[in-house]
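Letter by letter, the chains look like this.
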Amino acid sequence: MESNQPHLPKKSSSFSSSRDEKHREINRNLSLGSIKLEQSYEKKERHDQETIEEEREEEKATKEQEEEKEASNAEEPEATLLTISEDIDRFLRLLLAVEDGQDGSHEPPEIPESTVEKFVILVEEEIAKYETGEEKWPSGDDELSLLDAIDRVSKLTSAVAKFSSELTYNEAMNHSGSVLHHAMCFLEDEFHSLLQDSRTKQEAASSSSRTKQLPSLIYRFHEPERSVSPSSESSPCESSQAYIPENTERLHRIADAMISAGYVTECCQVFSIARRNAFEAGLPSLGFEKVGIEDVIKMAWENLESEIATWVKAFRHTITASFTAERELCEAVFASHRAISDRLFLGFANGAIIQLLTFAEAVTMTKRSAEKLFKVLDVYEAMRDVLPTVEALLPDDGEQDEPSVFADPKTEISSLRYRLGEAAVAIFCDLESSIKADNSKTPVPGGAVHPLTRYVMNYLKYACEYKSTLEQVFKEHKHAEKPSSFDEDRENSQTGGGGDGDRNSNSSGNDNYNPFAAQLIEVMDLLHSNLESKSKLYKDLALSNIFLMNNGRYIAKKVKGSPEIHQLLGETWYRKRSSDLRQYHKNYQRETWSKLLACLRDDGLQVRGSVAKPVLKERFKSFNAMFDEIHKAQSSWVVSDEQLQSELRVSVSAVVVPAYRSFLGRFSQYLDPGRQTEKYIKFGPEDLENLIDELFDGTPSSSIASRRRT
């Protein structure tokens with residue numbers, strides 16, 4: 001069936017063939033594009049695959065290298081630091097040869113960076129192991145190995161620093177220098193800890209903790225002085241013996257390592273501060289506490305007296321024990337560095353002496369008084385006695401390797417000793433003023449020994465226990481003051497019969513003049529004059545002589561009981577004073593008993609060849625009244641010296657009793673027996689003896705008129 005649609009005109013065959021060719025061309029182009037795209041994808045895939053394979057190869061190679069490295073390390077687990085140390089030593093020798101020009105070249109060799117790097121890292125790790133571990137310090141061979149390694153780091157740092165213009169050398173210098181600084185901080189802490197622990201192993205085991213650690217070296221330029229806490233258990237005589245030998249040797253090795261590395265300042269500073277603090281902490285164990293000058297000046301004498309005693313003990317101990325021990329410690333720790341040892345000891349000694357002398361100087365600034373003489377002399381003697389030890393321990397300025405920045409302790413001691421001697425002389429001479437100032441107008445009751453006599457003689461007794469010292473200080477300070485009025489009598493009084501007194505004589509010139517002996521005699525003369533003045537205060541001449549006898553005997557006994565005073569005054573002086581005593585005794589008997597004995601004389605009793613009874617009765621009556629009065633008065637007088645008291649009673653009885661017995665025997669018959677005899681003869685000879693024995697007891701007695709002969 002034919003279609004009703006209009007027929008489209010048919011294309012010519014040439015067009016159809018052209019169209020088909022175009023279709024084929026398009027299809028061909030599409031096919032070529034697809035082929036090219038496929039080729040591009042294939043190329044990319046091949047590239048990616050190659051990259052992955054390369055990465056795998058690199059990972060494999062890296063892994064193999066690590067395995068080889070681990071295997072290599074596993075072969076030498078313990079000898080690594082030792083082996084590298086040998087390599088470092090070879091490198092250091094090579095650098096030394098270059099520096100000395102031995103290899104003909106001045107160019108530094110190529111630095112073994114890996115070896116140097118590994119070496120300093122291992123050293124730092126070794127230090128860190130002891131810093132963080134329970135064991136704070138290696139022992140035995142490990143200690144020597146560590147110190148050798150640190151010393152090698154120090155040498156390496158110094159060696160590479162000479163070629164620091166080279167980049168690799170500069171980097172090595174910085175790294176090794178940092179490790180060296182770390183090592184020095186580590187050594188410094190251990191050095192400080194050892195110094196703080198001056199106890200034995202047993203005591204150290206009971207210690208709860210160490211003292212505060214020193215600040216890091218990095219801050220040393222920002223702190224004028226480090227504060228190191230002193231150990232409360234330190235002793236002023238800490239020495240190399242106070243440290244166990246193991247620790248002393250360790251201190252020595254550490255000091256050598258620090259000084260060798262150029263850290264001498266830090267090492268010395270730690271040592272000085274620790275030892276100074278140990279000394280200060282040990283002083284209280286001797287009873288001495290640090291006291292300021294103002295406190296000493298204001299201190300009550302009773303307290304100051306005790307402080308001086310403990311100071312003398314501490315000062316003597318410091319010089320004779322602590323200094324010797326400290327010298328030994330310095331020499332042990334710094335055995336390889338004598339100059340450093342001497343400087344450290346001198347610094348310690350100077351600081352200790354100055355600290356102790358501050359107290360002594362304050363003593364010289366206190367107000368002078370007689371009772372301070374003996375303690376001033378104690379301080380003087382302490383300085384005098386220790387000076388030879390100080391001179392032996394401390395070198396003279398000319399013997400030191402280098403000038404000292406410290407004041408010479410010997411000069412300080414000598415200077416203060418001179419001032420103390422000057423003070424002692426002034427105090428002793430003030431005794432004259434004390435005697436002159438005692439001008440009391442009230443007599444001592446009963447003619448007893450005057451308090452001034454007791455004070456002066458006791459003072460002189462104690463003072464002369466320091467005889468040699470006082471002679472020394474007087475020669476130093478009073479030798480040029482020899483009085484022109486030193487007359488022959490005084491000269492002779494110093495030359496006793498024993499021969500020693502000749503040493504005090506002035507006869508052979510000024511060299512033998514003893515100014516202390518002259519001063520002592522001056523004091524005795526003043527005392528004698530003062531007592532004679534006081535004796536005149538008594539209205540009764542007999543009592544005046546009793547007073548002089550009492551004081552004279554007291555003085556004579558004190559002189560005889562003190563060989564020092566006796567020697568200084570001389571035998572001639574003593575004999576003269578003994579003669580004075582005998583004269584006082586005669587004066588007493590004359591003033592008291594001569595009037596009584598006059599009643600017993602025969603004169604005037606007989607008239608025309610017979611006894612006049614009225615005169616005889618009056619004689620007996622007068623004798624009784626006078627004896628009663630004498631007994632009543634003189635029984636209240638005081639003669640405290642038993643020997644003198646006995647001598648007086650015996651001498652009185654020897655004069656009175658025989659005379660009375662004779663008188664009684666010759667004239668009693670002329671009195672009528674009975675009441676008349678009892679009225680006039682009141683005493684028998686025995687009664688007189690008993691009553692005389694009651695004299696000088698210092699006990700007032702009532703009248704004996706009622707006492708009758710039975």
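Residues numbered from 1 in each chain as written. Predicted model: local features only at pLDDT ≥ 70, side-chain atom pairs only at ≥ 80, totals over all residues. Heavy atoms only, no water.

The protein chain is annotated in an unreviewed UniProt entry as Exocyst subunit Exo70 family protein of Musa balbisiana. UniProt, in its Sequence similarities (unreviewed entry) section for the protein chain, records the words "Belongs to the EXO70 family." As its UniProt record puts it under Function (unreviewed entry), the protein chain is described as follows: "Component of the exocyst complex." (UniProt positions renumbered as here; feature names shortened; annotations may be inferred.)

Asker: Explain the nonpolar core here, please?
Answerer: Nonpolar side chains tend toward joint burial in soluble globular proteins. Core analysis: the largest hydrophobic core is formed by 180 residues, its most contacted members being Phe191 and Trp311. In terms of residue count, the dominant contributor to this core is helix α11 (residues 338-365) (14 residues). Not counting the four nearest positions on each side in its chain, phenylalanine 191 is found in contact with Leu251, Ile254, Ala255, Cys267, Val270, Phe271, Val333 and Phe334. (Core = buried A, V, L, I, M, F, W, Y, C linked by side-chain atoms within 4.5 Å. Buried < 20%, exposed > 50% of the residue type's maximum accessible area, 1.4 Å probe, protein only. Helix = DSSP H or I, 4+ residues; strand = E, 2+ residues; numbered from the N terminus. Contact = heavy atoms within 4.5 Å.)

Asker: Just checking my understanding: could you explain helix α24 (residues 685-692) for this structure?
Answerer: Each turn of an α-helix holds 3.6 residues, which means side chains three or four residues apart point in the same direction. Within α24, burial applies to Pro685, Leu688, Leu691 and Ile692. The buried residues of α24 occupy an angular sector of 125 degrees when projected down its axis, which confines them to one face. In this structure, the buried residues of α24 make contact with α21 (613-634) and α22 (642-667). (Arc of directions from axis to C-beta.)

Asker: In this structure, what is going on with a negative patch on the surface? I would like to understand it.
Answerer: A contiguous patch of negative charge, built from Glu53, Glu54, Glu55, Glu57, Glu58 and Glu59, is present on the exposed surface. Along the chain, glutamate 54 falls in helix α1 (residues 13-75). (Patch = residues over 30% accessible without salt bridge, like charges linked within 9 Å, V, L, I, M, F, W, Y side chains within 5 Å. Areas by Shrake-Rupley, 256 points an atom, 1.4 Å probe, with all protein chains shown as cover. Salt bridge = Lys/Arg side-chain N within 4 Å of Asp/Glu carboxyl O. Lys, Arg positive; Asp, Glu negative; His and termini not counted. Charge placed at Lys NZ, Arg CZ, Asp CG, Glu CD.)

Asker: Got a minute to help me understand helix α17 (residues 515-535) in this structure?
Answerer: Given a rise of 1.5 Å per residue, 21 residues ought to cover 30 Å, and the 30 Å separating the end C-alpha atoms of α17 matches this to within 8%. The buried fraction of α17 is high, at 15 of 21 residues. Where α17 begins, one side-chain oxygen reaches toward the backbone nitrogen of phenylalanine 516, 3.1 Å away; that side chain belongs to asparagine 514. (Expected span 1.5 Å × (residues − 1). Polar contact = N/O pair within 3.5 Å; in protein donor to acceptor, adjacent residues only side chain to side chain.)

Asker: How should I be thinking about the pattern of salt bridges in this particular structure?
Answerer: Pairing is possible between side chains of opposite charge, provided their charged atoms come close. Within the structure shown, the criterion is met by 25 salt bridges. Salt-bridge contacts for arginine 316 lead to aspartate 385; the nearest nitrogen and oxygen are separated by 3.0 Å. With a gap of 69 residues between them, arginine 316 in helix α10 (residues 301-333) and aspartate 385 in helix α12 (residues 373-393) connect regions that are remote in the sequence. Across the pair aspartate 342 and arginine 327 runs a salt bridge, and its minimum N-O distance is 3.3 Å. One end of the pair, aspartate 342, is in helix α11; the other, arginine 327, is in helix α10, with 15 residues separating them in the sequence. Of the two residues, aspartate 342 and arginine 327, neither departs from the other in class, the shared state being buried. One network of salt bridges, in which partners are shared, links Arg327, Glu331, Arg338 and Asp342.

Asker: Mind showing me how you'd approach a nonpolar patch on the surface here?
Answerer: A cluster of nonpolar side chains, contributed by Ile293, Ile297 and Met365, occupies part of the molecular surface with about 230 Å² of accessible area. Of note, isoleucine 297 is situated in helix α9 (residues 293-298).

Asker: Help me out: how do you make sense of unusual backbone geometry in this one?
Answerer: Only a minority of non-glycine residues have a phi that is not negative, and only a minority of peptide bonds are not trans. Here phenylalanine 696, not a glycine, exhibits a phi torsion of approximately 65 degrees, which is positive. Tracing the chain through its elements places phenylalanine 696 in the segment after α24.

Asker: How do you make sense of the packing of aromatic side chains when you look at a structure like this?
Answerer: We describe a pair of aromatic rings using the distance from one ring centre to the other and the angle between the two ring planes. Applying the stated criterion across every chain yields a total of 24 aromatic pairs. When the ring of phenylalanine 279 is compared with that of phenylalanine 348, the centres are 5.8 Å apart and the planes differ by 80 degrees; the resulting orientation is edge-to-face. Of this pair, phenylalanine 279 sits in helix α8 (residues 264-282) while phenylalanine 348 sits in helix α11, and the two are 69 residues apart along the sequence. For phenylalanine 348, a relative accessible area of 11% corresponds to the buried category. Members of the aromatic cluster, connected to one another through ring pairs, are Phe374, Tyr455, Tyr459, Tyr462 and Tyr466. The ring of tyrosine 462 is capped by lysine 461, whose NZ or CZ atom sits 5.2 Å from the centre of that ring. (Phe/Tyr/Trp six-rings, centres within 6.5 Å; stacked < 30°, edge-to-face > 60°. Lys NZ or Arg CZ within 6 Å of the ring centre and 35° of its normal.)

Asker: Would you explain the side chain of serine 544 in this entry?
Answerer: Considering the arrangement of structural elements, one finds serine 544 in helix α18 (residues 541-561). For serine 544, a relative accessible area of 8% translates into the label buried. With residues near it in sequence (within four places) discarded, serine 544 still touches Ser535, Lys536 and Tyr538.

Asker: Honestly, the environment of proline 614 in this entry has me stumped. Any pointers?
Answerer: Relative to the elements of secondary structure, proline 614 occurs in helix α21. On the basis of relative accessibility, which here comes to 63%, the residue proline 614 falls in the exposed class.

Asker: What am I meant to see in the state of the cysteines here?
Answerer: Disulfides are covalent bonds that connect the sulfur atoms of two cysteines. For the structure on display, the rule yields zero disulfides. A disulfide-free cysteine, cysteine 267 has its sulfur positioned 5.4 Å from the sulfur of cysteine 268, the nearest such atom. Here cysteine 330 is not cross-linked by a disulfide; its sulfur's nearest cysteine counterpart is in cysteine 268, at 9.6 Å. Residue classification places cysteine 330 among the buried positions, given a relative accessible area of 1%. (Disulfide = S-S within 2.5 Å.)

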